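Residue strings, one per chain:
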Amino acid sequence: MRIAITGGNGTVGRAVVELALKQGHSVVSIDRAALEQPENRPNLDFVQAEITRYEELEEALRGCEGLVHLAAYPSPGKLPDYVIHNNNVVGSYNALSAAAHLGITKVCQASSVNAIGAVYSRWPHYDYFPLDEQHPTYNEDPYSLSKWICEQQADSIARRYEDMTISSLRFHGVGGKPGTPHPFNPLSENYRAKDLWGFTRLEAVARAALLALSADFKGHEVFFIVAPVTTMSQLSLELKQEYYPDVPVQGDLSGNRGFFNCNKAERLLGWKHDEA
């Protein structure tokens, strides 16, 4: 398959590019930033394009059979709210729309666990644990809102283009590992609590993105892509009781089990965080 990957110069983008090449795909890596040292590798092309400029993006996608859309601002705070929100929402719509117009029926886009409101909220609202994809959103910041809207856009595109398979993958704390503080803010106890002590390994994210391109469902589906355990040595039920005493438990939080139910990803994508 010839796969376009937006945000191909980023940490996740590079991991997806490498895995796609390893699996025998040809790749078009798309990024707004030019490569400092252009690579001359078989089956790998680089296109410099801006995702918020539709014509540029559509031209970059031409001739591809699958799309992994990763390009986005990954958090709020470093730029004005409207810049983060508008970039992410417009970029997602352009990617989904261009794919539909070009007949690219297999699409994966990066979402986030924050689509329902989490670490960037003043304090998150959770209705139950562990969380699944049916949980409502209570987002209140521009980044989390943008990810929620990106998912709604995928619903809209899939309704009009009924032959498309679109996966929105809700990643979480990419790069963390068990037994260590949250990789992005190791000094903030409240930060980790709001984020539910979760993480996802980089290689697991890359596998999920490519598995989404071979999924056999039609329409748009959202998936939590999170490790099955927390970053903490403290028991999950103890953490829950300390920080969220009024939130009911509707599943298994024994031991150090994570606060996210990823059964849907296993069922529809064949994905598990840790390979057997």
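Residues numbered from 1 in each chain as written. Predicted model: local features only at pLDDT ≥ 70, side-chain atom pairs only at ≥ 80, totals over all residues. Heavy atoms only, no water.

Caption draft 1: Representation of the layout of surface pockets in the model. Of the voids in this model, the largest pocket is the one considered here, and its volume is about 1100 Å³. Of all the secondary structure elements, the ones that give two or more residues to the lining of the largest pocket are helix H1 (11-22), strand E2 (26-31), helix H3 (81-102), strand E5 (106-112) and helix H4 (142-160). Across the lining of the largest pocket, the residue classes tally to 22 nonpolar, 13 polar and 6 charged. Around the second largest pocket, the lining is made up of 19 residues, and of these Arg 257, Phe 260, Asn 261, Cys 262 and Asn 263 lie nearest the centre. (1 Å grid on protein atoms, 1.4 Å probe; cavity = no way out; pocket = protein on both sides within 12 Å on 5 of 7 lines; lining within 4 Å. Points joined across faces, edges and corners; volume = space filled by probe spheres on them. Helix = DSSP H or I, 4+ residues; strand = E, 2+ residues; numbered from the N terminus. Nonpolar A, V, L, I, M, F, W, Y, C, P; charged D, E, K, R; others polar.)

Caption draft 2: Broad picture of the packing of aromatic side chains. Scanning all chains against the criterion turns up 10 aromatic pairs. Taking the centre distance of 5.5 Å and the plane angle of 80 degrees together, the rings of Phe 129 and Tyr 244 count as edge-to-face. Of this pair, Phe 129 sits in the loop between E5 and H4 while Tyr 244 sits in the loop between helix H7 (236-243) and helix H8 (263-269), and the two are 115 residues apart along the sequence. With centroids separated by 5.0 Å and ring planes inclined at 90 degrees, the aromatic side chains of Phe 129 and Phe 259 adopt a geometry described as edge-to-face. Of this pair, Phe 129 sits in the loop between E5 and H4 while Phe 259 sits in the loop between H7 and H8, and the two are 130 residues apart along the sequence. Phe 259 carries the same exposure label as Phe 129, and that label is buried. (Phe/Tyr/Trp six-rings, centres within 6.5 Å; stacked < 30°, edge-to-face > 60°. Buried < 20%, exposed > 50% of the residue type's maximum accessible area, 1.4 Å probe, protein only.)

Caption draft 3: Spotlight on the packing of helix H2 (residues 54-61) against H3. Running from N to C, H2 and H3 cross one another at 45 degrees; their axes reach a closest spacing of 9 Å. Looking at the two axes, H2 sits oblique to H3. Every pair of crossing elements has a handedness; the one defined by H2 and H3 is right-handed. Across from Tyr 54, Leu 57, Glu 58 and Leu 61 in H2, the residues of H3 making contact are Gly 91, Asn 94, Ala 95, Ser 97, Ala 98, Ala 99, His 101 and Leu 102. (Axes fitted to C-alpha atoms, helices over the stretch in contact; angles between N-to-C directions. Parallel < 35°, antiparallel > 145°, perpendicular 65-115°, else oblique. Left-handed = near helix turned anticlockwise from the far one by under 90°. Contact = heavy atoms within 4.5 Å.)

Caption draft 4: Representation of the sheet that holds E5 in the model. Taken in spatial order, the 7 strands line up as E3-E2-E1-E4-E5-E6-E7 in an open sheet, and their pairing is parallel. Both outer strands of the open sheet, strand E3 (44-48) and strand E7 (219-224), are each paired with one neighbouring strand and no more. Shown here is a sheet whose adjacent strand axes are inclined to one another by a mean of 20 degrees, direction ignored. Looking at chain direction, strand E1 (residues 2-6) and strand E4 (residues 66-69) are connected through 4 bridges and run parallel. (Pairing = 2+ DSSP bridges.)

Caption draft 5: Geometry of unusual backbone geometry. Following Phe 129, the chain continues to Pro 130 via a peptide bond in cis, the omega torsion being -10 degrees. Within the chain, Asn 43 stands out as a residue other than glycine whose phi angle is a positive 65 degrees. Inspection of the secondary structure puts Asn 43 in the loop between E2 and E3. For Asn 43, a relative accessible area of 48% corresponds to the partly exposed category. Here Trp 197, not a glycine, exhibits a phi torsion of approximately 55 degrees, which is positive. Judged by its relative accessible area of 2%, Trp 197 is buried.

Caption draft 6: How the structure looks around the environment of Pro 74. With respect to the helices, strands and loops of the structure, Pro 74 is situated in the loop between E4 and H3. When the C-alpha atoms of Pro 74 and Asn 88 are compared, they prove to be 9.0 Å apart, with 14 residues separating the residues in sequence.

Caption draft 7: The packing of H3 against H4, seen in detail. One can describe the packing of H3 onto H4 by two numbers: an axis separation of 9 Å at closest approach and a directional angle of 20 degrees. By the angle class used here, H3 and H4 are roughly parallel. In this structure, H3 crosses over H4, and the sense of that crossing is right-handed. Facing H3, whose interface residues are Asp 81, Ile 84, His 85, Asn 88, Val 89, Ser 92, Tyr 93, Leu 96, Ser 97 and Ala 100, H4 presents Pro 142, Tyr 143, Leu 145, Ser 146, Ile 149, Cys 150, Gln 153, Ala 154 and Ile 157. Within the contact of H3 with H4, the residues separate by chemical class into 12 nonpolar, 6 polar and 1 charged.

Caption draft 8: Structural detail: H3. Between the first and last C-alpha of H3 there are 32 Å, a value that for 22 residues agrees with the 32 Å anticipated at 1.5 Å per step. Count one or two residues on from H3 and you reach Gly 103, which has phi positive near 80 degrees. (Expected span 1.5 Å × (residues − 1).)

Caption draft 9: Representation of empty space enclosed by the protein in the model. Considering all chains together, one arrives at 1 cavity of 30 Å³ or more under this definition. In this structure, the largest cavity is lined by His 69, Leu 70, Ala 71, Ala 72, Asn 88, Ser 92, Gln 109, Ala 110, Lys 147 and Cys 150. Looking at the lining of the largest cavity residue by residue, the class counts come to 5 nonpolar, 4 polar and 1 charged.

Caption draft 10: View of helix H6 (residues 202-212). The element H6 is extensively covered by neighbouring structure, given that 8 of its 11 residues are classed as buried. Among the residues of H6, those classed as buried are Ala 204, Val 205, Ala 206, Arg 207, Ala 208, Ala 209, Leu 210 and Ala 212. Where H6 is buried, its residues contact E1, H1, E4, E5, strand E6 (165-171) and H8.

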